[in-house]
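Structural overview
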Amino acid sequence: MSRRAYAIIIASFFTVSIAYSIRYGYGMLLPEMLPSLGISKTQAGTIFGTYFVVYTIFTPILGTLSDLFNYRLLMTVFAGILGLGALLMAYITGFAQACLFFALAGLGHAACWAPVASLVQKWVPDHKRGMMLSIVSIGIGIGVPLWGTFLPVIVSAFNWRAGWMGMGLFALGVAVMNFFLVRNPVGLERQMTSARQRVEFVFTLFRALLKDKRFWIVGTAYLLVGFNVLVPFTFLPVYARESLHLDYATSTRFISLIALFGIAGQLTLGTLSDRMGRVHVLMLCGLIMGTACLGMSLFPNEWWLYGMTSFYGLAYGAVWPVYAAAAADLFPSSQTGSVVGLWTVFLGLGSIISPVICGWTIDLTGIYTWAFLLGLASGLASTLCLARIQIRAAHQA
């Protein structure tokens, strides 16, 4: 691998790290934000939902643009937008402002996964795609626990608004780094210089993908994964604080633990997918994530919750790079950014409805059990969807 490829991996690592830290930092800061802003659980879920509405709309667009235009520009500008949205979250005074500013952060994040995954796969050898995407995704496993450690200290010394300011400034620093480290793949500038050709290419590509059953099957599984992930990442710290009566620092630690064990999942399951097959590993991830959600709600015990969140983290860490690598396995490499981007529409739909529905069940019943049971159902349903890919492959063989 070239030095530039390693520079791309470093930039991608930090981009993914801060993007997901800001996304899941919301759940970590939420226990302190709720009483300060005076919002309900449904409203808290809706704020997260608006983030994913914008993220879902723009991710496929930016994923396609990355295949056709300029990775460096996208990763620089949108990392900056991500940071700006996080900074503005420090100044919110109510529900409407929170929806608007966190939606801006969602817009920034839209170019911090699909284009990144596509760019890495264009710079590394085919036999190292799974491993290198896993390394990039370790940024999530390192960034989220680090911010999970920093935020309680920052909140204790200042308040939750200072936490948003810290993450926002870090994201702006990553945007500057991307400008200097990121370069387009060789030959990208020579591809389809005509705007008309680019538009025609996009419509041709979309038509082909929408006719492919594999695209819809994996997309549906991805939607269910998105629903599942937002259950613990939105409400687990609040659950630990309100139901287990743990202090704020301990409550946020569960999110850090998921991300920390995600590193082990990325290194083991992510690398194993190069040999075992992406779909087999993704089916296993769905099973683990579903059963772990069930486990989180079984016993109101701190140490039991530590065990369940660690178990969940193994699958959570692997699921993102393996889905991205599956796109390159199932479709031509020139389409990976578009495929991952369109699949993220499905992910976004699941992520939009999950915090709203789960927040509503909590407000309605006063307990968190139904939210975690929905996590179980979505994880198992994701595995069943992917089993159809395996069945179809067996018939074709």
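Refer to the preceding data block for the structure.
Reading the values: rules and limits
Residues numbered from 1 in each chain as written. Predicted model: local features only at pLDDT ≥ 70, side-chain atom pairs only at ≥ 80, totals over all residues. Heavy atoms only, no water. Helix = DSSP H or I, 4+ residues; strand = E, 2+ residues; numbered from the N terminus. Contact = heavy atoms within 4.5 Å. Areas by Shrake-Rupley, 256 points an atom, 1.4 Å probe, with all protein chains shown as cover. Expected span 1.5 Å × (residues − 1). Bend = angle between axes of the 7 residues up to and from the residue. Polar contact = N/O pair within 3.5 Å; in protein donor to acceptor, adjacent residues only side chain to side chain. Axes fitted to C-alpha atoms, helices over the stretch in contact; angles between N-to-C directions. Parallel < 35°, antiparallel > 145°, perpendicular 65-115°, else oblique. Left-handed = near helix turned anticlockwise from the far one by under 90°. Nonpolar A, V, L, I, M, F, W, Y, C, P; charged D, E, K, R; others polar. Phe/Tyr/Trp six-rings, centres within 6.5 Å; stacked < 30°, edge-to-face > 60°. Buried < 20%, exposed > 50% of the residue type's maximum accessible area, 1.4 Å probe, protein only. Lys NZ or Arg CZ within 6 Å of the ring centre and 35° of its normal.

**Considerations on the overall build of the protein chain**
The helix and strand inventory of the protein chain stands at 14 helices and zero strands. Counted from the first residue to the last, the protein chain has its helices and strands arranged as α-α-α-α-α-α-α-α-α-α-α-α-α-α. Once local pairs closer than 6 in sequence are excluded, the contacts in the protein chain between residues at least 24 apart make up 84%. For the protein chain, the computed accessible surface area is about 14,900 Å², with 70% contributed by carbon and sulfur atoms.

**Remarks on helix α10 (residues 248–276)**
In this model α10 runs 40 Å from its N-terminal to its C-terminal C-alpha over 29 residues, within 8% of the 42 Å that 1.5 Å per residue would give. The sharpest bend along α10 measures roughly 35° and falls at G265. Two or three places before A249, at the opening of α10, D247 has a side-chain oxygen 3.2 Å from that residue's backbone nitrogen.

**Considerations on the packing of helix α1 (residues 3–37) against helix α4 (residues 95–109)**
Between α1 and α4, the shortest axis-to-axis distance is 10 Å and the interhelical angle comes to 150°. As the angle between them shows, α1 and α4 are arranged roughly antiparallel. When you trace α1 past α4, the crossing you get is left-handed. Contact residues: α1 offers A19, Y20, I22, R23 and Y26, while α4 offers F102, A105 and H109. Looking at the contact of α1 with α4 residue by residue, the class counts come to six nonpolar, one polar and one charged.

**Some points on the packing of aromatic side chains**
The final tally for this structure, using the stated rule, is 28 aromatic pairs. With 5.3 Å between their ring centres and 85° between their planes, F179 and F180 make a pair best called edge-to-face. The interplanar angle of 75° and the centroid separation of 5.8 Å between the aromatic rings of F215 and F346 together place this pair among those described as edge-to-face. Taken as a pair, F215 in helix α9 (residues 213–242) and F346 in helix α13 (residues 336–365) lie far apart in primary sequence, 131 residues in all. Exposure class is identical for F215 and F346. Each is buried. Residue placement shows R23 over the ring face of Y55; its charged tip is 4.7 Å from the ring centre. The ring of F179 carries the charged tip of R72 above its face, separated from the ring centre by 4.3 Å.

Any functional reading would require information that these geometric values do not contain.
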